[in-house]
Amino acid sequence: MAKLSYRQVEAFRAVMIAGTTTGAAELLYISQPAVSRLLNDFEAAVKIKLFERHHKRLAPTPEALLLFEEVERSFIGIDRLANMAEELRDFQRGSLKVAAMPAIALGFLPRVMQQFSQRHQGVNLTLQVRSSQQVADWIATQHFDVGIGAINVADPALAVEVLGEAALVCALPASHPLAEKQVIVPEDLRDQPFISLGPEQSVRYKVDEAFEQARVSRQLVFDTQLSHVACSFVDAGSGVALVDPITALHFSSANLVFRPFEPWVSFSYHLLYPAHRARSRATEEFSQLLKQELALLVKRADGLLRLKNVSAS
């Protein structure tokens, strides 16, 4: 048997549906002679009489009806593929796996993901919260689509993009005398009970350096890995702390106030992607929304969130 072409099968199917070559031509957006030629070629290839010709209509033979059943099964599969592609294109299907450090995941990120979910309800979302190093490891091994961490690692398995560089802010009890100040400086915190971020975080050494350069000593009472926990210590009356501003903006307590701290002690937010895998449309769309919402957060923060290198584009 001669080799069949997809166009021949498509023409046969269109004739079976329309009943005439003219109707089939309209379905396929080609000329009637082209349909007739394809149909003749199809009959010659299968070596079976498929139609009885009665004036301008074609009456399918029993063999044609059986063949049409098989063709329809194949086209249903193709239609399903086309429908799935359309769903992926319109974000009606797919998945997005996000890994993020706690500083951005405990308040800000769930709101962004909820917005994304409302826009693209067919996309299945996953959020895992881990340390920045664990986030980087997961992205490097392609277990997640996008990560947000505080470290900029030189790893060929990672594509790293700066999301923004922020200044730490000072968390104070609302009743603290320093709460009246607009900006806190190291001298203000001399001999104050102080909650530090843990030594496993690079920002800890930046904070210590700022106080060493100012020749200011503090009462170091607690270490903790998370800014959120540091805020909870302050809320409990344990002392004061320097924390990342996104955590500060989402920490809910009437007993706490947050003030800008000078000099600038930077806390970086980075987007991490697998370097050797193409990014999905969902990943690109989510990253864009994340940048837009972060830019809006900066505007609403009334100076508390001072961010460098952030862009809504």
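Residues numbered from 1 in each chain as written. Predicted model: local features only at pLDDT ≥ 70, side-chain atom pairs only at ≥ 80, totals over all residues. Heavy atoms only, no water.

1. With respect to helix α8 (residues 202-213)
- The first and last C-alpha atoms of α8 sit 17 Å apart over 12 residues, in line with the 16 Å expected at 1.5 Å per residue.
- Along α8, the residues classified as buried are V203, R204, V207, D208, A210 and F211. Taken down its axis, α8 places every buried residue within 155 degrees of arc, on the same side. Those residues of α8 that are exposed and angled more than 90 degrees off the buried face are E212 and Q213.
- In the segment just after α8, R215 is the residue with positive phi, at about 55 degrees. (Helix = DSSP H or I, 4+ residues; strand = E, 2+ residues; numbered from the N terminus. Expected span 1.5 Å × (residues − 1). Buried < 20%, exposed > 50% of the residue type's maximum accessible area, 1.4 Å probe, protein only. Arc of directions from axis to C-beta.)

2. Comments concerning the packing of helix α2 (residues 21-28) against helix α3 (residues 32-46)
- At their nearest, the axes of α2 and α3 sit 8 Å apart, and the two run at 105 degrees to each other. On the basis of their axis angle, the class for α2 and α3 is roughly perpendicular. Here T21, T22, A24 and A25 of α2 lie close against α3, whose contacting residues are Q32, V35, S36 and L39.
- Each residue belonging to the contact of α2 with α3 can be placed in one class, and the counts come to four nonpolar, four polar and no charged. (Axes fitted to C-alpha atoms, helices over the stretch in contact; angles between N-to-C directions. Parallel < 35°, antiparallel > 145°, perpendicular 65-115°, else oblique. Contact = heavy atoms within 4.5 Å. Nonpolar A, V, L, I, M, F, W, Y, C, P; charged D, E, K, R; others polar.)

3. Considerations on the sheet that holds strand β9 (residues 219-224)
- Ordered by their spatial adjacency, five strands build an open sheet running β9-β8-β10-β7-β11, and the pairing between neighbours is mixed. Pairing within the sheet leaves two strands with one partner each, and these edge strands are β9 and β11 (256-260). Going across the sheet, the axis of each strand differs from the next one's by a mean of 30 degrees, ignoring polarity.
- Of the strands in this sheet, β8 (193-197), β9 and β10 (240-243) touch α8, which is tilted by about 145 degrees from β8.
- The strands that helix α9 (residues 227-235) touches are β7 (169-173), β8, β9, β10 and β11; relative to β10, the one it contacts most, it runs at about 160 degrees. (Pairing = 2+ DSSP bridges.)

4. Examining the pattern of salt bridges
- Throughout the structure, instances matching the rule amount to eight salt bridges.
- Between D188 and K181 there is a salt bridge, and its shortest N-O distance comes to 2.7 Å.
- Among the residues examined, D188 registers a relative accessible area of 18% and is labelled buried.
- As a salt-bridge pair, R204 and D223 come within 3.2 Å of each other at their nearest N and O atoms. Taken as a pair, R204 in helix α8 and D223 in strand β9 lie far apart in primary sequence, 19 residues in all.
- Here D223 falls in the partly exposed class, since its relative accessible area comes to 45%.
- Overlapping salt bridges bring together R204, D208, R218 and D223 as one network. (Salt bridge = Lys/Arg side-chain N within 4 Å of Asp/Glu carboxyl O.)

5. What about the nonpolar core?
- If you look at the biggest cluster of nonpolar residues, it comprises 62 residues, and the most contacted ones within it are I104, L109, I148, L189, F258 and F286.
- Residues within four places of F258 in sequence aside, it is in contact with V169, C170, A171, C231, V243, A248, F251 and L304.
- Of all hydrophobic cores here, the second largest spans 21 residues; its members include V9, A24, L28 and L50. (Core = buried A, V, L, I, M, F, W, Y, C linked by side-chain atoms within 4.5 Å.)

6. Describing the environment of E187
- When you line up the elements, E187 lands in the loop between β7 and β8.
- On the basis of relative accessible area, E187 is assigned to the partly exposed category, the value being 45%.
- Along the primary structure E187 and L226 are separated by 39 residues, whereas in three dimensions their C-alpha atoms are 24 Å apart.
- Reaching out from E187, the side chain makes a polar contact with the side chain of R190 at a distance of 2.8 Å. (Polar contact = N/O pair within 3.5 Å; in protein donor to acceptor, adjacent residues only side chain to side chain.)

7. Some remarks on the packing of helix α6 (residues 108-119) against helix α11 (residues 281-300)
- Two elements in contact, α6 and α11, have axes whose closest approach is 10 Å; the angle formed by their N-to-C orientations is 130 degrees. By the angle between their axes, α6 is oblique relative to α11. Taken as a pair, α6 and α11 cross one another with a handedness that is right-handed. Where α6 abuts α11, its residues F108, L109, V112, M113, Q115, F116 and R119 lie against A282, E285, F286, L289, L290, E293, L294 and L297. (Left-handed = near helix turned anticlockwise from the far one by under 90°.)

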